[in-house]
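Given next are the chains, with one letter for each unit.
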Amino acid sequence: MLVRFCNPLDEDALWGILEPMIRDGETMALPLDMGRKDAFDYWLAPGHEVFVAEDDGGVVGTYFLRANQKGPGGHVANAGYVTAPSAMGKGVARAMCAH
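Residues numbered from 1 in each chain as written. Predicted model: local features only at pLDDT ≥ 70, side-chain atom pairs only at ≥ 80, totals over all residues. Heavy atoms only, no water.

A. How the structure looks around the pattern of salt bridges. By the definition in use, this model includes five salt bridges. Salt-bridge contacts for R36 lead to D12; the nearest nitrogen and oxygen are separated by 2.8 Å. Of this pair, R36 sits in helix α2 (residues 36–43) while D12 sits in helix α1 (residues 11–24); the two residues are 24 residues apart in sequence, bridging distant segments of the chain. In this structure D12 comes out as exposed when scored by relative accessible area, which is 58%. One network of salt bridges, with partners in common, ties together R4, D10 and E54. (Salt bridge = Lys/Arg side-chain N within 4 Å of Asp/Glu carboxyl O. Helix = DSSP H or I, 4+ residues; strand = E, 2+ residues; numbered from the N terminus. Buried < 20%, exposed > 50% of the residue type's maximum accessible area, 1.4 Å probe, protein only.)

B. Quick peek at the packing of aromatic side chains. By the definition in use, this model includes seven aromatic pairs. Note on W15 and F40: the rings are 6.3 Å apart at their centroids and 85° apart in plane angle, and the pair reads as edge-to-face. Of this pair, W15 sits in helix α1 while F40 sits in helix α2; the two residues are 25 residues apart in sequence, bridging distant segments of the chain. The pair W15 / F40 is uniform in exposure class, with both members buried. Judged by centre distance (6.4 Å) and plane angle (50°), the ring pair of Y42 and W43 falls under tilted. A relative accessible area of 1% means that W43 is categorised as buried. A network of ring pairs unites the aromatic residues F5, F51, Y63 and Y81 as a single cluster. (Phe/Tyr/Trp six-rings, centres within 6.5 Å; stacked < 30°, edge-to-face > 60°.)

Here you go:
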C-alpha cells in the first residue's frame, strides 16, 4: 500500500470515499446533505496536508493532518481519516496512521 500526497487527479476517487462517510453521518459531524464542493472545501482546506492511500492503483483511503490550534498549541496535531467502504478491514487505516 502506498500513501502519498493527494493531488487534483484524485478528486473523483476522493469524492467516492468522502460522500458515503458524509451521508452516513456517523464518522464526522458534517451536514448530511453536504455537496462535493463544500466537502472539498472542508477536506482540502488551507492548513490541511491531505494524503491518499492507494492499493492496486486505486485510492482506498484519505486523511488530513493539521495543527490542532494556532500559536503555542500549533505543535499538537489533529487528523481525520476515512477509508473507502470497499476497503474496510484491509489495513488501510493502519497504513495511513503509520504514515
